Each structure stands twice: as C-alpha cells, then as structure tokens.
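Now for the letters of each chain:
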Amino acid sequence: GQQVMQIPQYQHVQEGEDFTTYCNSSTTLSNIQWYKQRPGGHPVFLIQLVKSGEVKKQKRLTFQFGEAKKNSSLHITATQTTDVGTYFCADGSSNTGKLIFGQGTTLQVKP
Amino acid sequence: NAGVMQNPRHLVRRRGQEARLRCSPMKGHSHVYWYRQLPEEGLKFMVYLQKENIIDESGMPKERFSAEFPKEGPSILRIQQVVRGDSAAYFCASSPADRGYGDTQYFGPGTRLTVL
C-alpha cells in the first residue's frame with residue numbers, strides 16, 4: 001500500500017544547531033501535511049503543502065514540497081529546547097481524507 | 001471552542017476484557033478519524049466515519065475491532081477480547097465537513113490503552 005518514508009528516525013542536536021527531516025513517497029502526492037508531537041502528547045498540525053515547489057515559513061521552520069510532489073522537508077533553524085518532539089509528515093492524498101503518516105523523526109535538543 | 005475530546009485518557013484492561021474508547025469531535029466537525037500509535041512508532045490509520053456511516057475502514061483489524069459514530073453522542077472505538085498487542089495510544093481526529101481530502105485534522109489527546 002501507499003507508504004511515506006521519513007528520515008532520519010532520530011536526531012540529536014546541540015541547541016542553536018539546525019535540523020532537517022525528509023519525507024519521500026514513491027507516488028505523487030496531492031498534498032502533504034506536517035505534524036508535531038511532543039513527548040506524551042498528541043499530534044498538532046503545523047502546515048499543509050499543495051503546490052509543486054512550494055516553500056512555506058513559520059518563524060524558524062521552513063517547509064518545502066518537491067517539484068515532482070514526491071518529497072518534502074522540514075528545516076528548523078537554530079533549534080531551541082522547545083523544538084523537542086517528533087515531527088511527522090503525512091500524505092493527505094486519499095479521497096477519503098485519511099492520512100498516511102511517515103515514521104516520524106524524533107528531535108532531541110541538548111541545552 | 002473546545003477541541004477534540006477523548007475519554008478515558010488512560011485505560012487498563014486485562015486480557016479478554018473489552019475496551020471502549022470515546023471521541024467527541026470539535027464543534028461543527030462531522031468527520032472523525034481513528035489512528036493507532038504503537039510505542040515508538042508512527043500513527044496508523046484505522047477508520048474514518050461520518051455521522052451514522054463508516055466511510056473507510058481499510059485500517060481496521062478484521063476481528064475484535066469495531067467503530068461507530070451515532071447520530072447523537074460521541075464516536076466509539078470498541079475492542080473486544082483485548083490482547084497485549086492492543087496496548088497502544090489511540091487518537092481520534094476530526095475535520096470539518098464538505099472540504100474533502102486534504103483537510104486539516106485536529107487530534108484529541110488520545111487514550112493510552114494498557115492490556116495486562
């Protein structure tokens with residue numbers, strides 16, 4: 001079935017360093033969504049990308065959707081301890097609205 | 001505006017018992033999705049419901065699991081004769097009606113099910 005691969009699985013950075021997580025699909029995506037889940041918490045919607053080559057920014061977070069709409073990335077500039085958590089990409093292409101989640105990238109930030 | 005509500009937040013069951021998980025969507029939302037998250041794993045889609053209808057249950061195990069979203073009241077995910085492998089966090093998400101695919105989903109706090 002449809003799969004979304006996300007790498008890396010874990011990332012440990014020093015506070016102030018940058019962080020990037022990548023999401024790849026074997027098929028073209030109509031849209032991709034990004035969620036953040038804090039330890040012990042629930043997924044919280046961050047953003048949705050729908051256009052080929054789209055780039056969106058939220059403060060220190062930059063989201064990109066590939067030209068072929070098969071990959072996406074989330075980049076965090078100058079990480080802070082509040083960025084700790086697991087970041088998931090999700091394929092929202094299904095006509096029933098269900099989300100197919102990547103495995104997530106867990107970010108640890110050392111102060 | 002209250003968010004998605006789930007209860008109970010934590011549920012402990014012994015093997016063979018039944019687990020009933022409840023989800024009240026956000027006000028004005030008529031689409032409900034259930035996802036399961038095993039420890040250290042991502043979220044897996046289980047079922048998508050609208051009021052009184054199951055739209056997509058392609059992620060539901062064939063046996064012991066059922067879901068409903070009645071005309072009145074919360075959506076219920078029911079697990080009969082639980083086994084240890086059912087231990088997981090179960091998240092409900094809701095989205096507004098009429099926008100179709102790609103709609104933002106708002107997640108509830110989840111129910112952490114532990115099967116002893």
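In this text the structure is predicted, and so the values were computed from the model without any measurement.

Student: I would appreciate a short explanation of the environment of Q105 of chain B in the present structure.
Tutor: You can see Q105 of chain B is positioned in the loop between β9 (88-96) and β10 (106-107). Sequence-distant contacts of Q105 of chain B, that is, excluding residues within four places in its chain, are made with Q33, Y35, F45, G97, K98 and L99 of chain A together with Y33, Y35, A93, S94 and S95 of chain B. In terms of polar contacts, Q105 of chain B uses its side chain to reach the backbone carbonyl oxygen of G97 of chain A, at 2.7 Å.

Student: Which parts of the structure should I look at to understand the interface of chain B and chain A?
Tutor: Often, the extent of an interface is quoted as the loss of accessible area upon association of its parts. Listed as interface residues are 21 residues of chain B and, on the opposing side, 24 residues of chain A. Both faces combined, the contact of chain B with chain A buries some 1700 Å², and carbon together with sulfur accounts for 53% of it. Linking chain B with chain A are one salt bridge. Note that K98 of chain A and D56 of chain B form a salt bridge whose closest N and O atoms lie 3.6 Å from each other. The interface formed by chain B and chain A contains nine residue pairs in polar contact (both at pLDDT 80 or more). Listed by contribution, the elements that provide at least two residues to the side of chain B that touches chain A are β4 (29-37) and β5 (43-50) of chain B. In the side of chain B that touches chain A, the residues fall into nine nonpolar, seven polar and five charged.

Student: Whenever I open this one, the environment of G3 of chain B confuses me. Can you help?
Tutor: Residues and elements named next belong to chain B. Here G3 lies in the segment before β1 (5-7). Since its relative accessible area comes to 35%, G3 is described here as partly exposed. Along the sequence, G3 and P109 sit 106 residues apart, while their C-alpha atoms lie 9.4 Å from each other. Discounting chain neighbours no more than four positions away, the residues touching G3 are S24 and M26.

Student: Explain the pairing of strand β5 (residues 44-49) of chain A to me, please; I cannot follow it from the model alone.
Tutor: Note on strand geometry: in a regular strand, side chains alternate between the two faces of the sheet. All names here are of chain A. Direction of pairing for strand β4 (residues 32-37) relative to β5: antiparallel, over a ladder of five bridges. Bridge pairing links Y35 to F45 in β5. Adjacent in sequence and paired antiparallel, β4 and β5 are bridged by six residues, among which G40 carries a positive phi angle near 75°.

Student: Hey, could you run me through the sheet that holds strand β3 (residues 19-25) of chain A in this one?
Tutor: The strands making up a sheet associate through hydrogen bonds between their backbones, and the pairing can be parallel or antiparallel. All names here are of chain A. Across the sheet, which stays open at both edges, the five strands sit in the order β1-β3-β8-β7-β6 with antiparallel pairing between neighbours. The sheet is open, and its two borders are formed by β1 (4-7) and β6 (55-58), each paired with just one other strand. Adjacent strand axes in the sheet meet at a mean angle of 15° when their direction is disregarded. By the bridge criterion, five bridges tie strand β7 (residues 61-65) to strand β8 (residues 71-76) in an arrangement that is antiparallel. Residue pairing across strands places T62 opposite H75, the latter belonging to β8.

About the criteria used
- Residues numbered from 1 in each chain as written.
- Chains lettered and ligands numbered in written order.
- Predicted model: local features only at pLDDT ≥ 70, side-chain atom pairs only at ≥ 80, totals over all residues.
- Heavy atoms only, no water.
- Helix = DSSP H or I, 4+ residues; strand = E, 2+ residues; numbered from the N terminus.
- Contact = heavy atoms within 4.5 Å.
- Polar contact = N/O pair within 3.5 Å; in protein donor to acceptor, adjacent residues only side chain to side chain.
- Buried area = accessible area lost by both parts, 1.4 Å probe.
- Salt bridge = Lys/Arg side-chain N within 4 Å of Asp/Glu carboxyl O.
- Nonpolar A, V, L, I, M, F, W, Y, C, P; charged D, E, K, R; others polar.
- Buried < 20%, exposed > 50% of the residue type's maximum accessible area, 1.4 Å probe, protein only.
- Pairing = 2+ DSSP bridges.
- Axes fitted to C-alpha atoms, helices over the stretch in contact; angles between N-to-C directions.

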